[in-house]
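Geometric and topological summary
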Amino acid sequence: MSFSKAQDLIRLARLAATRREGISLEEICEEFRIAHRTAQRMTAALEASFINAEAMDGADRKRRWRLTDPVLERLQLRQETAIEALEIAGRAAEAEGRLRHAGALGDLRDSLLARLAPKEALRTETDAEAVLTAMGYVTRPGPKVNLPPAVLDAVIEALRGPFRLRLRYGGLDAPERVIEPHGLLMGHRSYLVARQPGRDETLRNFRMDRIQAAETMDESFAFAPGFSLKDYAAQAFGVYQDPAQYGEVIWRFAPETAARAAEFRFHPTQVFEHQDDGSLIVRFQAAGWIEMAWHLYQWGDKVEVLAPEGLRALVEGHRRADFDALP
């Protein structure tokens, strides 16, 4: 179901709940400015989506649909899940420049919160914000590793607390360990940022696809002082963190590709320097040479690594001149 159709279904459910006698096909056509056949499909979706939806024939021999419980707010999904989903979708839409969709999703989120009791709304918003603050999305094109749903659910529940996690990491015979999750970096490969209190206070990245099992514990903890997932994520080019590689990165794009490269946001700290010969120099601070190399390969011989030397050596000999298109 598309986003606009989902909105229409929610609106139809509200009308069916608030009108004492329900709503007829003719009224649906008028309210939504749609054809009779489309109105029939909407009522079918209403009956399929709400177990308390019923159709009755009135004295005027017209069939009307209504919800038996007039308090529509009691029929919604668990609110923190709905709010999280809408907020994540809204942030993704905003990042992609789909501002109209982002605004509509924000309005829908606010509408759901407004229909809750104040105490419930505050709890729901707090729980949702805890998860959203701890989920940093690193968008990169290409395949992504599927995450085990049970593991992801346990991680999100732990982030909502925050609570400690008991997990089995690595092989099937790996010993259990207890960690304190600080955030989740989502990308082509996803990492859980966490401390291991039985070891030391260092923040480490745990590959989500290597977590064999996870259980949320009834033990809360305090985040590392001053921790910010946004700042932590910005230390890397992609999602992988390697403090030994962190430093200034300098790339030079050939004149014929400079305009295209200028359209990219390679990193939040990037600075562009347009050169007299038409080339473009990009500077930023980050680590993760292997992920940089994966991206640079797409540019063929149209980009040159000026720094660091380790990255320059990694891509040297792999710069091709026969690519038909730029990224």
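Before any of the text, the structure's been laid out above.
The text that follows walks through the structure, step by step, so that each part is easy to find. Remember, it's a predicted structure, so these values are computed and weren't measured experimentally. (Residues numbered from 1 in each chain as written. Predicted model: local features only at pLDDT ≥ 70, side-chain atom pairs only at ≥ 80, totals over all residues. Heavy atoms only, no water.)

As a further point, take the packing of aromatic side chains. Taken as a whole and judged by the stated rule, the model has 15 aromatic pairs. Ring centres of Y191 and Y240 lie 6.2 Å apart, and the angle between their planes is 50°; this geometry places the pair in the tilted category. Taken together, the residues span a long stretch of sequence, with Y191 in strand β7 (residues 191-196) and Y240 in the loop between α8 (229-233) and β10 (247-253) at a distance of 49 residues. Classification of Y240 by relative accessible area gives partly exposed; the value is 35%. Considering the side-chain rings of F253 and F266, the 5.5 Å spacing of their centres and the 20° angle between planes classify their relative orientation as stacked. Of the two residues, F253 sits in strand β10 while F266 sits in the loop between α9 (255-261) and β11 (271-274), which places them 13 residues apart along the sequence. For F253, a relative accessible area of 0% translates into the label buried. (Phe/Tyr/Trp six-rings, centres within 6.5 Å; stacked < 30°, edge-to-face > 60°. Helix = DSSP H or I, 4+ residues; strand = E, 2+ residues; numbered from the N terminus. Buried < 20%, exposed > 50% of the residue type's maximum accessible area, 1.4 Å probe, protein only.)

Let's shift gears to the nonpolar core. Ranked by size, the top nonpolar core spans 22 residues in total, and within it V155, L165, I179, L184, L192, M208 and I211 carry the most contacts. Breaking this core down by element, the ones donating at least two residues are α7 (149-160), β5 (163-169), β6 (176-186) and β7. Tallying contributions element by element places α7 first for this core, with seven residues. Counting residues in each nonpolar core, the second largest holds 19 residues, with F253, F266, A286 and M292 among its members. (Core = buried A, V, L, I, M, F, W, Y, C linked by side-chain atoms within 4.5 Å.)

Across a sheet, paired strands are connected by hydrogen bonds in the backbone, their directions being either parallel or antiparallel. As summarised here, the arrangement of the three strands in space is β1-β3-β2, forming an open sheet in which the pairing is antiparallel. Two strands close off the open sheet at either side, each with one partner strand: β1 (23-24) and β2 (53-57). The pairing of β1 with strand β3 (residues 63-67) spans two bridges and is classified as antiparallel. Looking at β3, one finds that S24 is bridged to R64. (Pairing = 2+ DSSP bridges.)

With respect to the helices and strands, E125 occurs in helix α6 (residues 118-133). By relative accessible area, which is 34% here, E125 ends up partly exposed. In the structure, E125 is positioned 42 residues away from I83 in sequence and 7.5 Å away in space, judged by C-alpha atoms. In this view, E125 contacts R109 and L113; residues no more than four positions away in its chain are not counted. (Contact = heavy atoms within 4.5 Å.)

What follows is about the environment of E309. Within the secondary structure, E309 is located in helix α11 (residues 309-315). Overall, E309 belongs to the exposed group, its relative accessible area being 55%. Residues E309 and D276 lie 33 residues apart in sequence; the distance between their C-alpha atoms is 25 Å.

To continue, consider the pattern of salt bridges. Within the structure shown, the criterion is met by 27 salt bridges. The partner of R195 in a salt bridge is E180, and the shortest N-O contact between them spans 2.8 Å. With R195 in strand β7 and E180 in strand β6, this residue pair connects regions lying 15 residues apart in the sequence. Taking the relative accessible area as the measure of exposure, R195 reaches 7% and is therefore buried. (Salt bridge = Lys/Arg side-chain N within 4 Å of Asp/Glu carboxyl O.)

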